Amino acid sequence: MTTIDKNNTSLEPWEEELFAMHRWGRFAFWFKKDDPKGKQELKRLRGLWDKAKPIDESLAMVMKQIMSLEICNWKLEESILEICASIGTKTPSKQGIGHMASMTEERWKKIWAYYLTLRKWLSSKGNDSYDILLKTCDPDKIIQDHVIEMLGDRNKIKELYVERFGLSLERWLGDYSAPDSPQLKAHQAAILAVDSEIKKVDPENTVIHELVLKNDGDGRLNLCNHKLFRRYDIIISSIGVGNWRGAMGKRGTDGLERADILEKYLSPIESWIQGRESDKNELSNRIHNLLDKQDAVKKFLASLFVSLLRSQQLAARKLAKQRQETAT
């Protein structure tokens, strides 16, 4: 496997990130092959790092933001431009970058609207307690109408699956992350109870495959994922029709589309790193202007930024192609 010695205490945080399972390390993890690209990147970046260090606290924060952004983030394009500006000015972005830092009030409201609508659907007739909160999260009832339409008429199996999905949403909304917390223990007990009931009526998990909500969806249902609401809709519509993906089939092109979007940004950054002129389009000019005049520190930061995202781009494209080949 393409790895570095994790026991080496002298490793810089960026070196560890480079070979993380969601970066260059995923080629060995997902595709079961030793890919030399990661080692080549490490050697190249170490050469740039030697010329750039030491860095001050402000630049360390810029590097932390660079390492926080991933291809799956819902604000990927906006965040790339923010980081380019940060590299250009050598000051961290005031905007939240990566993971949960990128969440906005509007996005939180939409997530809560899905959750509260599911809870309202499960509630006893005449119970309008959820409406008070939904007036804030979804005043025009756009999400409510959407979810209710997907669910269709009630039955026992739908109620169980809606409860099961609602529990997974609670895990993310409540951030039950501490392994010994009473919240997590109660949550896991509830999951076991509902899963037991589901097995009685749907032993083959034909409505929602048991792996879909395993560990509450893992990273697939992370609130900052760019496909979050599509995944919500796939799950809810499957409950509605009583069959997994019975209403929404696989597209099989998501990874390719995401890789293409990312390339529009990585290419201008690379041309700046290489000292070439921009491609004379609006985006390329903007990125070159944001990065401004090159020096050793900026060159290292920009190169690290490209490498971390490039590893995810290549993996996304490769995985999408594999899925397409399997489907055919």
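Residues numbered from 1 in each chain as written. Predicted model: local features only at pLDDT ≥ 70, side-chain atom pairs only at ≥ 80, totals over all residues. Heavy atoms only, no water.

Draft legend 1. Region of the structure containing the layout of surface pockets. Quantified by volume, the second largest pocket comes out at close to 360 Å³. Along the walls of the second largest pocket sit 17 residues, with Arg164, Ile191, Asp195, Leu213 and Lys214 positioned nearest its centre. For the lining of the second largest pocket, the elements supplying multiple residues, two or more each, are helix 9 (156-174) and helix 10 (182-201). Of all the elements, helix 10 adds the most residues to the lining of the second largest pocket, at 6 residues. (1 Å grid on protein atoms, 1.4 Å probe; cavity = no way out; pocket = protein on both sides within 12 Å on 5 of 7 lines; lining within 4 Å. Points joined across faces, edges and corners; volume = space filled by probe spheres on them. Helix = DSSP H or I, 4+ residues; strand = E, 2+ residues; numbered from the N terminus.)

Draft legend 2. Representation of the confidence of the model for the protein in the model. Per-residue confidence for the protein gives a mean pLDDT of 90; residues scoring 70 or more make up 92%. Put simply, helix 2 (residues 26-31) is where the protein has its lowest mean pLDDT, 63, and helix 5 (residues 76-89) is where it has its highest, 98. (pLDDT = per-residue confidence, 0-100.)

Draft legend 3. A look at the nonpolar core. Ranked by size, the top nonpolar core spans 41 residues in total, and within it Ile80, Ile269 and Phe300 carry the most contacts. For this core, the elements supplying multiple residues, two or more each, are helix 1 (13-18), helix 3 (37-52), helix 4 (57-68), helix 5, helix 12 (254-273), helix 13 (282-291) and helix 14 (296-327). Among the elements that line this core, the one with the most residues is helix 14, at 10 residues. Core analysis: the next-biggest nonpolar cluster, separate from the first, contains 36 residues, Met103, Leu160, Ile198 and Tyr232 among them. (Core = buried A, V, L, I, M, F, W, Y, C linked by side-chain atoms within 4.5 Å. Buried < 20%, exposed > 50% of the residue type's maximum accessible area, 1.4 Å probe, protein only.)

Draft legend 4. Molecular detail of the side chain of His187. In this structure, His187 sits in helix 10. A residue is classified by how much of its surface remains accessible, and His187, at 5% relative accessible area, is buried.

Draft legend 5. Here's a closer look at the pattern of salt bridges. The full count for this structure, using the stated rule, is 21 salt bridges. Of the charged contacts in the structure, one is a salt bridge between Arg119 and Glu163, with a shortest N-O distance of 2.5 Å. In this pair, Arg119 sits in helix 6 (residues 105-122) while Glu163 sits in helix 9, placing the two residues 44 residues apart along the sequence. A relative accessible area of 23% means that Glu163 is categorised as partly exposed. We note a salt bridge from Asp216 to Arg171, for which the minimum N-O separation is 2.7 Å. Taken as a pair, Asp216 in the loop between helix 10 and helix 11 (228-241) and Arg171 in helix 9 lie far apart in primary sequence, 45 residues in all. The class of Arg171 is partly exposed, set by a relative accessible area of 23%. Each member of the salt-bridge network shares a partner with another, and the members are Lys37, Glu41 and Arg44. (Salt bridge = Lys/Arg side-chain N within 4 Å of Asp/Glu carboxyl O.)

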